[in-house]
Each structure stands twice: as C-alpha cells, then as structure tokens.
Amino acid sequence: MPGHFVNDIHSCVDESLIGYVRAHSHLELAGRAVIARSQVPSVAIISGSGSGHEPATVGFVGRGLLSACISGSIFASPPSSDIFRLIIEMKRRGAKQILLIILNYTGDRLNFGLAMERARELSIDIDMLVVADDAAVDNAIGPRGLAGLLLVIKVAGALAEQGKTMSEIVDICQKVRGQLRTIGLSASGIRAPGQQQAFDLPDDEMELGMGIHGECGAQKLKLLPSRQATDLAFGQLFRGTRALDIKRDDTVLLLVNNLGGCSNLELGIIVKDAIENLEHRALHVKRVICGELMTSFNMKGFSLTVLKLPADMSTIVLNLLEAPTDAFAWPKIISPTQLPTSIQTLSDSLEFNDEFTAQLVINQSDLLFDTSIAELINQALQTVVKRLHNEIDKLNRLDAISGDGDTGTAFGRAADTISDDLSNQKLILDRPASLFRRLGLIAESRMGGTCGAICGLFFAAVAKHLSLSIKSGVIIDSLSDAFEAGIQSVESYARVQPGDKSLLDALIPAVDFIKTKRAQQSFTSQDWKELALVAERATNETKSLVAKVGRASYTKAVDTPTVDPGAYAVSIILHAISDVFAKGSSR
C-alpha cells in the first residue's frame, strides 16, 4: 500500500492485533477479539470500535480496565455477530453481568445494540453505556463519542475489579459521562490504507471539532499557533452549544490526546498551553493525562478532554483512574499536576558562562592590539554580521542538501549576539585573549550543532593559548601558534581531519597561510586579499569531498556536488575581515 507499512489491506487489522497480542503476555486473541488473560470479574467490561484508532481499544484491555475489546475493519464498526460471540465467550469465562461501553456512532450503536438484544434473548444480564462527549457537533443521533470514552472505561474497569455490581458501575459512569466534554482540532485529513482521502486541508488551515474518522467539524480557519489554537478549542468546549457547565475555581482533569500525526515535541507544547489556559480561566487542574491514546490513524491533530471533578466525586473518581491496571496503553502513573513554581527558569547560558568565567583566575595576556587595530576589528565584525545575515538563506539551502538545513540560522544567531555585544561594548577588542574567549562562548551557546561545537572549541583553545603565551614582539607569530592550538583542539575532540568536508577544510588552509607570514610585523593589503582567496579556493575544493563528520556524514552523496556550508561560512567571515583590513592596510 503506497505510503503505509502494511502487507495486505484485507489482513492488516488482523496482523496488527496479532502483533499487539504477541508483544503483551497478559492478552490473548480470538478472531478480532482481544481478551485479558486475568480472571474475568463478575461484571465484564467490553468496548470496541473500528480499527485505526490504536492504541484504542486494544491497548486498554487488562486487569482493572477492559475485560475484552472487539475490533472492526478500519473505521468500520465490528459486526454484531463478532460482538455477540465475544459476549458469549465472556459469559462462558464466568462473567455474571456484561457492560458494553461504546462511542456514539450509528454503526456502533446498531451493531452493539443488536448483539445485546440477541444476548438478552439468552437471558444474559447485559447493559450498554454510550459515550457522547463531543463539544463541537451535535447531530440527529447526538454528539459523537471521542477520547472521553477512555476515562469512562477506566472508571468502569476499576469498579469491576473492586467487585461492584453492574448497576453500581453504571451509576458512577453516568455521573462521570455527564461531566465530560471533548473537542478535537486538526491540521490535516486522514489517509488510511485502502481508502481514498476524503478531504485534505491546505498547509495553512486547520479544522476545529473534527471527528475521529475525519468527519467535518464546527469550522475551518487559518492555522494558529498552539497557544491560540488551544484557547479557541477551550472556547468552544466551555461556551459552545454543548458547553460543559463549569465555573471559576472548579477542579478538573485534563486529557490531551494525540490524534496520530503530532510529534511528541508538539504534544508537549500543547499540554503546556492547555494547562496554562485552564489555569488562566481560574480552574484547578488536578491531573493531566497525555499521549497517543485514541488516534484517528495519521491525522495531524489533537483532542482536549476536560472532566469536571465535583467535590463529592473528585476523590472517588481520581482513585479509580489511578487504580492499577496492566493495560499497556494506560499511563502507569497519573501524578498530581505540577505547580508553575516547579519550573525553574535559568539565566541565559551565554551570560552564565561569562559570569562563571569571570570568577575563574585566568591569566591575562600582555598581548594587546593598538587602538587602530581595535577599530578595524570593530569594523570587521560589523561587516561579518552583515554578510552572514545576507547569506543565511544560501547557507541553509547548502546545508539542507545533506544536513538539517540550519547552518545559516546558526551563524545568524551568532551574528546577532556579536552585533548586540558590539553595541553594548561587551567585546574587549584590544585584548585578543578576552575577545576570542567571548567569541567562543557565543559560538557554543548560540549556534549549537557541529558548527557551534567546532567554533566554540577553536576559539576557546585560541583564547587559552593567548592567555598563557609570553608577550612576543610579533603579533602574527603569537596568533599563528594560538590558531594552531585551536585547530589541534578541534581535531582531538571531534576526530575531524582535513578532507572530512567540514568548516576545518577552509579554516586549516587559512591558518596555514597565516603561519607562513609569522615573521612579519603585520599583514599587507595583498596578504589580506590572498588570505580571502585561500579560504575561497579551499571552500570550493570541498565540492569533491565526502562528508565524514556531522549529520551530513549519514546521508548519501548528492548528484550535484556542493561546497560544505560550514566552510562556506568561514569563507564569508574571512572575506569580510580581509576586505576591512586590506582597506585599512592600504591607507
């Protein structure tokens, strides 16, 4: 199947169930019924739906939760004959009563209802509870069932494990059901194996209130950042046509459910924004459950479920939700929500390193630049900043060919900080040891990645060498040794060598050129121009090299050879410095 890791559309549901059951020893499989191996309680709790919502409901079968579940084909209700057969099996295994808990969809109501009627003909004590927690859409058969079902089946399963009767279980579950609302939000449609994609959303749009099978929601609108999207969703949940009756200072439980296509990084942001939004509404978020619990195959979206916890129910319900279960998809721990005071905000890493460095006893080198050189350094750094900003997009494009496309962004962040430091006079331009130490801190704290580490190591070693060096009458001589120490430091830590296609392939030839001039008192204008050409030629030669360091080393060779983005950045920097100093030297 194009775009999917399945073997055969006709057997994909069965093979998926086999995989889950073989991976979890507390489960067994009979047809498409997943059954807990534990002793069936007096009241067997059964749920089920079409497939494509995994881990629901197979992941919620186990002691203290579902006794069994039944799966249909993708997004299709299980046939009544399969449901009836599972009911009979639960009765055979010792269940005295059977409670079906299902989502409010026509197919599920019909098939589970028909199976229940057939069971009643055999005098089986059976009942059915329908969950309809959708806060967005209310049609002829009522609101749709969504992720709130999971809270209801957990409460029911825990009560059954305690030995409660079916009427007692239904009574509490109905109270929980009445305090539930769920709202879904998605930035994409669904593409399930063997099915046409019913619709899709443009990259800049999202839909509020979509169902778990891709059914239309309450409205389409432009894609919003997480904070605004969650606020919009809660607005519908608390003020829409099926608003949850809630007021300031009420206590709630929040369930944040990944509908299948959100990354875990995005989910963390959504959880944070959802908690903060509820707190901003003066609600007390007692517990948070989050994860990929009831999906809509690969839909890039999430749902938010709020369970109001009235004072007379709060402790009972929370104890039931936190009761142990071996169902593999239910969170093993549901801990109290952390207070904002538990989140520690650290100071800026660059300033921390700078302050920490200031506390160390560091030898101050006697090596100084005169005022005219310091002014040229100031002009050169300003030129570096401008040129790096102009080349950010090109550097990112070069890096995207074989890396993660962020080299330009990384150097741009460093350039921004250098610009700020120049404005705030944080760079000590007449003391090379201090200057390179600060540049190293900027590289390691602002750039990140391989380039940031290489630049940070290089500048740190240069600064250390200069701070320990004895004053020399020839500045180029001192700098040559310091730059060589920087290269050696990078090579020892990164295990990168010339020819590995990194920024060192431009930096090493430049340092070697500087070393050939070490006997001179200063660079001539021509020397500066030649230095820029050396870096440019070395950068162009990286086209023929194969990357052996960084993320690019894991990618296949590209059809059109390109220069290394890090080497290109070095060339940009050295060209900018050389242009300023060449002009200054010719005066």
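Residues numbered from 1 in each chain as written. Predicted model: local features only at pLDDT ≥ 70, side-chain atom pairs only at ≥ 80, totals over all residues. Heavy atoms only, no water.

Looking at an unreviewed UniProt entry, the chain carries the name Triokinase/FMN cyclase, with the source organism given as Adineta ricciae. Under the UniProt heading Subunit (unreviewed entry), the note attached to the chain is "Homodimer. Interacts with IFIH1 (via the CARD domains), the interaction is inhibited by viral infection." What UniProt records for the chain under Sequence similarities (unreviewed entry) is the sentence "Belongs to the dihydroxyacetone kinase (DAK) family." (UniProt positions renumbered as here; feature names shortened; annotations may be inferred.)

1. Considering the pairing of strand β14 (residues 301-308)
Burial analysis of β14 places 8 of its 8 residues in the buried class, the great majority of the element. The side-chain alternation of β14 yields two buried faces, one formed by G301, S303, T305 and L307 and the other by F302, L304, V306 and K308. As paired elements, strand β9 (residues 180-186) and β14 share 7 bridges and run antiparallel to each other. Paired with L185 across the strands is F302, a residue of β14. Pairing of strand β12 (residues 251-258) with β14 involves 7 bridges; the strand directions are antiparallel. In the sheet register, V252 faces β14, and the bridge partner there is K308. (Buried < 20%, exposed > 50% of the residue type's maximum accessible area, 1.4 Å probe, protein only. Helix = DSSP H or I, 4+ residues; strand = E, 2+ residues; numbered from the N terminus. Pairing = 2+ DSSP bridges.)

2. What to know about the sheet that holds strand β13 (residues 284-291)
Here 6 strands make up an open sheet; going across it, the order is β11-β10-β9-β14-β12-β13 and the pairing mixed. Strands with a single pairing partner mark the edges of an open sheet, and in this sheet they are β11 (219-222) and β13. Strand-to-strand twist across the sheet, computed as the mean angle between neighbouring axes with direction ignored, equals 20 degrees. Here β9 runs beside strand β10 (residues 205-208); their pairing, made up of 2 bridges, is antiparallel. Bridging across to β10, S186 finds its partner in E207. Sitting on the sheet, helix α4 (residues 148-161) touches β9, β12, β13 and β14, and the angle it makes with β9 is about 140 degrees. (Axes fitted to C-alpha atoms, helices over the stretch in contact; angles between N-to-C directions. Contact = heavy atoms within 4.5 Å.)

3. Structural notes on the packing of helix α6 (residues 226-239) against helix α7 (residues 264-280)
Put simply, α6 and α7 touch, their axes get as near as 9 Å, and they point 50 degrees apart. Relative to α7, α6 is oriented oblique. Two packed elements cross with a definite hand, and for α6 against α7 that hand is right-handed. Across the interface between the two elements, S226, R227, T230, D231, F234 and F238 of α6 pack against I269, I270, K272, D273, A274, N277 and L278 of α7. (Parallel < 35°, antiparallel > 145°, perpendicular 65-115°, else oblique. Left-handed = near helix turned anticlockwise from the far one by under 90°.)

4. Overview of the sheet that holds strand β6 (residues 126-131)
Within a sheet, neighbouring strands are paired by backbone hydrogen bonds and run either parallel or antiparallel to one another. With mixed pairing, the 6 strands of this open sheet are ordered in space as β1-β2-β4-β3-β5-β6. Two strands close off the open sheet at either side, each with one partner strand: β1 (27-30) and β6. The sheet shows a mean angle of 25 degrees between the axes of neighbouring strands, taken without regard to direction. Alignment of strand β3 (residues 43-51) against strand β4 (residues 68-74), held across 5 bridges, turns out to be parallel. Note that in β4 the partner of S47 across the bridge is C69. Running over the sheet, helix α2 (residues 80-92) touches β2 (33-36), β3, β4, β5 (97-103) and β6 and is turned about 165 degrees from β4. With respect to the sheet, helix α5 (residues 166-178) is in contact with β3, β5 and β6, its orientation differing from that of β6 by roughly 10 degrees.

5. Quick word on the packing of aromatic side chains
Within the structure shown, the criterion is met by 10 aromatic pairs. Judged by centre distance (5.6 Å) and plane angle (65 degrees), the ring pair of F458 and F459 falls under edge-to-face. Members of the aromatic cluster, connected to one another through ring pairs, are F436, F458, F459 and F483. Positioned above the aromatic ring of F84, the side-chain terminus of R118 is 4.1 Å from the ring centre. (Phe/Tyr/Trp six-rings, centres within 6.5 Å; stacked < 30°, edge-to-face > 60°. Lys NZ or Arg CZ within 6 Å of the ring centre and 35° of its normal.)

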